[in-house]
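Coordinate inspection notes
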Amino acid sequence: MNNLLNGAAVCALTFAFASQAAATEWNASVWGKRRAFTEHVEKIAELVSEKTGGEFTINVSYGGLSKNRDNLDGISIGAFEMAQFCAGYHADKNRAITVLELPFLGVSNLEEEVAVSRAVYAHPAVTKEMAQWNARMLMTSPMPQYNLVGTGEPRDTLAKFDGMRVRATGGLGKAFEAVGAVPTSVTSSEAYNAMESGVVDTVAFAQHAHLSFGTINKADWWTANLNPGTVNCPVVVNIDAYDALSDAEKTALDSSVDEALDHYLANYGELLARWDSVLEEKGVEKVMFAPEVIAEFKAKAADPAREAWIKDMEAQGIPGQELYDLVMTTLEKERASN
C-alpha cells in the first residue's frame, strides 16, 4: 500500500511539474504608470490569462525592464516578449510607420486612428522593417490629436510660435519647426521637469499624458483646437516568443486584440468626456485658434512635410507614396462605413 501511495505521490508531483513547465509567462515593457495609454496592455494580459485558464500570463512592467526609448532594442534581443514604444523615439528604426505621424493627416477620432494604424501595420514594408528588430506588430495605442499646454501669455497666433521651445517629437516637432518653433524631444517622463525648469515653454501631448505626467498642473492655458497631429505608439511582440506559443496561446492572444482595444477606447472616451471639468478644476484657460490661423499652419507644415517625407522614404527604398495613399484610402473607407 505504501508503495502504491508513494507511486501516486510521485505521479502527482511529476504532473504538477509538467503543468508548471507548460505554463507560458511573458513580460511586457511599458513606462510611466498605469493610465489610459496602457489600458489595452493591461486588458490583453487579463484576457489572455482568462482564456488559457492562467496557463499564459503577461506581466506588465512600468519602467522596470527598460527605458521607453530602448523598448524596441529590448524586443530585438529577447529581453522581454512584449513592449510599447512610440515611433518618434527612433524614427530611423521604424521609418515606415512614421507616415502616421505626419502633420494634419485629417484623422478625426480614435476609431479612425485605429483603422489607419491597422492598415499601415499590415503593409509588407512595415512587416519587413519590424522583422529586422525581431518584432511583430500586435496593436496600436490610439491617441487623439495632440495639443499644447503652456505658461504665461497664451500663444494663439503663429507669430507667437516663433522661437517657442516646445516638447514635440517626430512629425509634430517638424510641424512646429516649420512655423518657427524650436522642438525638443525630451521623453514624456521628463516633460514636467523640462517645463518646470524652463527648458521648454510648451508641451504637446494628448490629454491623458498631460494628466499622467503632470504638465497640466504647470499650465496656464491649453490649445483646444490646434490639432496638428498625433504620435503613433505600437505594441509589439518578439517574433521568436510569438512563434514559440502553442496554437491555443496564439489564438488567445490574437483574439484578444479587438477586445483590448474596445476597452481602451471606452476608457479613453470617459477621459475625454470629463476633460473640460479637469481644465476648470485646475484653472487652465482654453485657447481657441481662428480657422485662418489653423489653415495657415496647415499650409506651412502639412504639404511640405508630406512631400519631404515621401521623397525621403522613396530614396531609402520605402514605398512612401503608397503608405501615404493607404492612410488616405483607409480614412475614406472608414468614414463611408460609418
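Residues numbered from 1 in each chain as written. Predicted model: local features only at pLDDT ≥ 70, side-chain atom pairs only at ≥ 80, totals over all residues. Heavy atoms only, no water.

- The chain is annotated in an unreviewed UniProt entry as TRAP-type C4-dicarboxylate transport system, substrate-binding protein of Sulfitobacter marinus.
- Under the UniProt heading Subcellular location (unreviewed entry), the note attached to the chain is "Periplasm". (UniProt positions renumbered as here; feature names shortened; annotations may be inferred.)

Notes on the pattern of salt bridges
- Taken as a whole and judged by the stated rule, the model has 15 salt bridges.
- Here aspartate 73 and lysine 93 are joined by a salt bridge, their closest N and O atoms 2.8 Å apart. Pair noted here: aspartate 73 is in helix H3 (residues 71–76) and lysine 93 is in the loop between strand S3 (82–84) and helix H4 (110–121), with a separation of 20 residues, a long-range link.
- Judged by relative accessible area, which is 26%, aspartate 73 ranks as partly exposed.
- A relative accessible area of 16% means that lysine 93 is categorised as buried.
- Measuring nitrogen to oxygen at the nearest pair gives 2.9 Å for the salt bridge that ties glutamate 112 to arginine 335. Here the residue glutamate 112 occupies a position in helix H4, and arginine 335 occupies one in helix H14 (residues 320–337), the gap between them amounting to 223 residues.
- A cluster of three or more residues bridged by salt bridges with shared partners is formed by Arg34, Glu39 and Glu42. (Salt bridge = Lys/Arg side-chain N within 4 Å of Asp/Glu carboxyl O. Helix = DSSP H or I, 4+ residues; strand = E, 2+ residues; numbered from the N terminus. Buried < 20%, exposed > 50% of the residue type's maximum accessible area, 1.4 Å probe, protein only.)

Focus: the environment of alanine 301
- You can see alanine 301 is positioned in helix H13 (residues 291–315).
- Given the relative accessible area of 2%, alanine 301 is considered buried.
- Sequence separation between alanine 301 and arginine 95 is 206 residues, and the spatial gap between their C-alpha atoms is 19 Å.
- Those residues in contact with alanine 301, other than ones at most four positions away along the chain, are Pro103, Phe104, Ala175 and Ala178. (Contact = heavy atoms within 4.5 Å.)

Overview of the state of the cysteines
- This model, assessed by the stated rule, comprises one disulfide.
- Here cysteine 86 is linked by a disulfide to cysteine 233, with a sulfur-sulfur distance of 2.0 Å. The disulfide joining cysteine 86 to cysteine 233 has a torsion of about 100° about its S-S bond and is therefore right-handed. One end of the pair, cysteine 86, is in the loop between S3 and H4; the other, cysteine 233, is in the loop between strand S9 (221–223) and strand S10 (235–238), and 147 residues separate them in sequence. (Disulfide = S-S within 2.5 Å.)

Observations concerning H4
- With twelve residues, H4 extends 16 Å between its outermost C-alpha atoms, agreeing within 8% with the 16 Å of an ideal straight helix rising 1.5 Å per residue.
- The buried count for H4 comes to nine of twelve residues, which makes it a mostly enclosed element.
- Every buried residue of H4 is accounted for by Leu110, Glu112, Glu113, Val114, Ala115, Val116, Ser117, Val120 and Tyr121.
- On its buried face, H4 is in contact with helix H5 (124–131), strand S4 (135–139), helix H11 (257–273) and H14.
- Its side-chain oxygen placed 3.2 Å from the backbone nitrogen of glutamate 111, asparagine 109 serves as the N-cap of H4. (Expected span 1.5 Å × (residues − 1). Polar contact = N/O pair within 3.5 Å; in protein donor to acceptor, adjacent residues only side chain to side chain.)

Side note on the pairing of strand S1 (residues 24–30)
- Within S1, five of the seven residues are buried, leaving the element largely enclosed by the surrounding structure.
- Across seven bridges, S1 lies against strand S2 (residues 56–62) in parallel orientation. From the neighbouring strand, valine 30 faces S2, where its bridge partner is tyrosine 62.
- On the question of chirality, the crossover connecting S1 to the parallel S2 by way of helix H2 (residues 39–51) is right-handed.
- Pairing analysis gives two bridges linking S1 to S3, with the strands arranged parallel. Looking at the pairing, alanine 28 lines up with methionine 82 of S3. (Pairing = 2+ DSSP bridges. Right-handed = clockwise from strand over helix to strand, strands pointing away.)

Some thoughts on the sheet that holds S2
- Strand order in this open sheet of five strands is S2-S1-S3-S10-S4, and the pairing throughout is mixed. Every other strand in the sheet has two partners, leaving S2 and S4 as the edge strands with one partner each. Pairwise comparison of adjacent strand axes, ignoring direction, gives a mean angle of 25° for this sheet.
- The pairing of S4 with S10 spans four bridges and is antiparallel. The residue of S10 that forms the bridge with arginine 136 is valine 237.
- Helix-sheet contacts for H2 involve S1, S2, S3, S4 and S10, and the interaxial angle to S2 is about 160°. (Axes fitted to C-alpha atoms, helices over the stretch in contact; angles between N-to-C directions.)

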